[in-house]
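Residue strings, one per chain:
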Amino acid sequence: MTSQLPALNQWVEEIAELTQPDHIHWCDGSDAENAKLIEQMLADGSLLKLNESTHPGSYLHRSHPDDVARVEHLTFVCTTERDDAGPNNHWMAPDEARAKMRALFTGCMKGRTLYVVPYCMGPIDSPLSRCGVEITDSPYVVANMRIMTRMGQAALARIEREGQFVKGLHSTGDLNPERRFIMHFPESLEIQSFGSGYGGNALLGKKCHALRIASHQARSEGWLAEHMLILGIENPQGKKHYIAAAFPSACGKTNLAMLIPPEGYVRDGWKITTIGDDICWMRPGADGRLYAINPEAGFFGVAPGTSAKSNPNALASIQRNTIFTNVAVTDDNQPWWEGLDKRVPVTDWKGNPFNAEAGTPAAHPNSRFTVSAKQCPSYAPEAEAPAGVPISAIVFGGRRASLVPLVFEARDWTHGVLIGAAMGSETTAAATGAVGVMRRDPMAMKPFCGYNFADYFAHWLSFDKAGAKLPKIFHVNWFRKGDDGDFLWPGFGDNMRVLEWMLKRVAGSVGSQETPIGHLPNPADINLDGLALNDEAMQKLFDYDRQGWAAEFASIGEYLEEYGPRMPEALKAEQQRICGQLN
Ligand code: OXD
Ligand code: MN
């Protein structure tokens, strides 16, 4: 098969000549094609069948033990000018990067099949969607892309119609971390990824296209590509609002997107529905509001910690037709991970007998499930709407054990952009490197923005113009700890209480305490019924520490300075204004 688009055929031919595969397969996305790929992966051992009666149609993939997470130090943005990538990215000159990758890709698919994977990020018929083609030699990648994107025939038809697509080239190579690079060429809409089979490095539609390339494209086309979940929240009167929320990787986006409200809320008729759990593309509509789509079609969620208590919707979603990666296995061949339940697995994520005494986790801390969004009980039909959904509130949130209160609201858009730009969070297992180290992660985009953060903040500021009806901006911290080291806020379903307060603020029905860091809630305006919060919790969750924040704002100022003269004056002025109020 070939396509009706000469540019696509020519590119596939060029890559085939370079990589020298034994076969070329154009993916149509059909069930029959998927069944064949699965059969082949079962035969070569790259997939293992899980218990068919408890988890029908589900499989386990064990990755190379050195290939379990994103590799930020090996991820490059290759713009012509170094400054266009910014201090937030690793940069390599495009020619140098191309030469390096050409050497790695030469002959790398000998003995393998080259798969051509046409995909669409977003509903097939949405003007907000964008398409790409990934060439890969990994059947595991094909099977995951089929779940995570609209992949196959319909995407190819749109690509042929539009004539434009992001070119993604991927090979697992020999999985040698010394020969692993994830290169982005945003100016020519290209991605080249070599030496890893891990989701964020290899499913090129996700982080590489939908965030790094798309953020760059969005800047020139007047929209935003963000690391945000999108949820719908319906009140007892049947009125629906949509909230987009940015949190760093492995900080609970999937849990928040699928939240089940506390009992009293359910009884009163509140409902949360899920549009997306990781990525949000937003564009101003004719009425001045921001309209959002989820460019993905599935969830690539973190397994550890997912349970009937923390996320019943996710757990229900992954009972069938799910690909698990690097989880442990029970004696009756069910997938298992830390936090799921009290059972003890027999096999760890590497396939070795599990020794509970050894003190190491059975499932890898970044083990994952890949599943179609359509299997999620809370999935909203509007997620398929070509026009997207109007956003009423944007939420930024980090993992902060100290200082940062439960929730506060920005005074205006500029202040909100500063709150996003100043986001800090403790690192997690979603990327290789130390865990638990506090770093600035503006808008949760540190690993994903395809251009200079200074320009990115300026782009965010540019949405505040005549006729715009922008969402309110909030900051939350579910992870504040008490003196004993325990979390002070119950989190999970109880986060509904904070979402409800945000909607009251959107409606203008409650006041707030005006402070230099923003509007803090009057605790009486947040429904805390049924929660037993002690004095320490009330104080730390709802108050702010002026001295601590003065130090925080000094450090935010130093951070903004790292970007030099490209940093928008308006943002620096906002930081200085708040510093002045705190000191
Ligand atoms: C993800 C990540 O996989 O952010 O979503 O790492
Ligand atoms: Mn993510």
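Located above this text is the structure these notes cover.
Residues numbered from 1 in each chain as written. Chains lettered and ligands numbered in written order. Predicted model: local features only at pLDDT ≥ 70, side-chain atom pairs only at ≥ 80, totals over all residues. Heavy atoms only, no water.

## Re the site of ligand 1
Surrounding ligand 1, one finds R70, K206, K207, H227, S249, D278, F300, R368, A430 and F448. One of the side-chain nitrogen or oxygen atoms of S249 is found 2.5 Å away from an oxygen atom of ligand 1. Measuring from an oxygen atom of ligand 1, one finds a side-chain N or O atom of D278 at 3.1 Å. Here ligand 1 has 210 Å² of accessible area as a free molecule, and 96% of this is covered by the chains. Judged by its atoms lying within 2 Å of the grid points, ligand 1 is housed in the largest pocket. In the shell around ligand 1, the residues fall into three nonpolar, two polar and five charged. (Near = heavy atom within 4 Å. Polar contact = N/O pair within 3.5 Å; in protein donor to acceptor, adjacent residues only side chain to side chain. Areas by Shrake-Rupley, 256 points an atom, 1.4 Å probe, with all protein chains shown as cover. 1 Å grid on protein atoms, 1.4 Å probe; cavity = no way out; pocket = protein on both sides within 12 Å on 5 of 7 lines; lining within 4 Å. Sits in = over half its atoms within 2 Å of the grid points. Nonpolar A, V, L, I, M, F, W, Y, C, P; charged D, E, K, R; others polar.)

## A look at unusual backbone geometry
Positioned with a positive phi, Q20 is a non-glycine residue whose angle comes to about 55 degrees. One non-glycine residue with positive phi stands out, namely A250, at about 60 degrees. Tracing the sequence through the fold places A250 in the loop between β14 (240–246) and α9 (253–257). Judged by its relative accessible area of 30%, A250 is partly exposed. (Helix = DSSP H or I, 4+ residues; strand = E, 2+ residues; numbered from the N terminus. Buried < 20%, exposed > 50% of the residue type's maximum accessible area, 1.4 Å probe, protein only.)

## Some remarks on helix α1 (residues 6–19)
Along its 14 residues, α1 runs 20 Å from first to last C-alpha, staying within 8% of the 20 Å computed at 1.5 Å per residue. Turning to α1, its buried residues are L8, N9, W11, V12, I15, A16, L18 and T19. In this structure, the buried side of α1 is in contact with β1 (23–26), α4 (94–105), β6 (113–121), β7 (130–136), α6 (153–162) and β9 (166–171). Backbone geometry just downstream of α1 places Q20 in the positive-phi region, at approximately 55 degrees. (Expected span 1.5 Å × (residues − 1). Contact = heavy atoms within 4.5 Å.)

## Observations concerning empty space enclosed by the protein
Under the criterion given, the structure shown has three cavities of 30 Å³ or more. Considered as a void within the structure, the largest cavity measures approximately 140 Å³ in volume. What lines the largest cavity is a set of 16 residues, and nearest its centre among them are F408, I419, A422, H475 and W549. For the lining of the largest cavity, the elements supplying multiple residues, two or more each, are α12 (413–421) and α16 (546–561). (Points joined across faces, edges and corners; volume = space filled by probe spheres on them.)

## Description of the sheet that holds strand β17 (residues 290–293)
The strand order across the open sheet built from four strands is β12-β16-β17-β23, with neighbouring strands paired in antiparallel fashion. Edge positions in the open sheet fall to β12 (224–226) and β23 (389–390), since each of these has one partner strand only. Packing against the sheet, helix α8 (residues 205–221) makes contact with β12 and β16 (280–284), and its axis sits at approximately 160 degrees to β12. (Pairing = 2+ DSSP bridges. Axes fitted to C-alpha atoms, helices over the stretch in contact; angles between N-to-C directions.)

## So, the nonpolar core
Nonpolar side chains in soluble globular proteins tend to be buried together. The biggest cluster of nonpolar side chains holds 122 residues, and the ones touching the most others in it are I394, F396 and W460. The dominant element in this core, judged by the number of residues it contributes, is helix α5 (residues 139–148), at seven residues. If near-sequence neighbours (up to four positions away) are discounted, W460 is found in contact with L224, E226, M228, I394, F396, W413, V417 and M443. Listed in part, the 36 residues of the second largest apolar core include A257, A393, W489 and V498. (Core = buried A, V, L, I, M, F, W, Y, C linked by side-chain atoms within 4.5 Å.)

## Quick word on the pattern of salt bridges
All chains considered together, the criterion is met by 31 salt bridges. The salt bridge involving D455 is made with R566; its shortest N-O contact spans 2.8 Å. Taken together, the residues D455 in helix α13 (residues 453–461) and R566 in the loop between α16 and α17 (569–582) connect sequence positions 111 residues apart. When salt bridges with common partners are traced through the structure, they connect K206, K207, K253, D278 and E296 into a single cluster. (Salt bridge = Lys/Arg side-chain N within 4 Å of Asp/Glu carboxyl O.)

## Looking at the coordination of the manganese ion (ligand 2)
Every protein donor of the manganese ion (ligand 2) is listed here as K207 (NZ), H227 (NE2) and D278 (OD), and their distances to the metal cover 2.1 to 2.2 Å. Read from N- to C-terminus, the donor residues coordinating the manganese ion (ligand 2) fall into the pattern K-x19-H-x50-D. Taken together, the residues span a long stretch of sequence, with H227 in the loop between β12 and β13 (228–234) and D278 in the loop between β15 (271–276) and β16 at a distance of 51 residues. The same class applies to H227 as to D278, namely buried. (Donors = N, O, S within 2.8 Å, 3.2 Å for Na, K, Ca; no water.)

## Side note on the state of the cysteines
For the structure on display, the rule yields zero disulfides. No disulfide involves C120; its sulfur sits 3.8 Å from the nearest other cysteine sulfur, which is in C131. Take C120: its relative accessible area is 0%, and that puts it in the buried class. Of the cysteine sulfurs around C449, a residue in no disulfide, the closest is that of C208, at 14 Å. (Disulfide = S-S within 2.5 Å.)

## Description of the layout of surface pockets
In this structure, the largest pocket spans a volume of roughly 890 Å³. Lining the largest pocket are 40 residues, with A250, C251, G252, N255 and R399 sitting closest to its centre. Elements with a contribution of two residues or more to the lining of the largest pocket: α8, α9, β18 (298–302) and β22 (368–372). Looking at the lining of the largest pocket, the element that brings in the most residues is α9, giving four residues. One number sums up the size of the second largest pocket: a volume of about 340 Å³. Along the wall of the second largest pocket there are 18 residues; nearest its centre are S46, D137, S138, P139 and T172. Elements with a contribution of two residues or more to the lining of the second largest pocket: α2 (31–44), β6 and α5. Among the elements that make up the lining of the second largest pocket, the one with the highest residue count is α2 (three residues). Class assignment of the residues belonging to the lining of the second largest pocket gives a composition of five nonpolar, nine polar and four charged.

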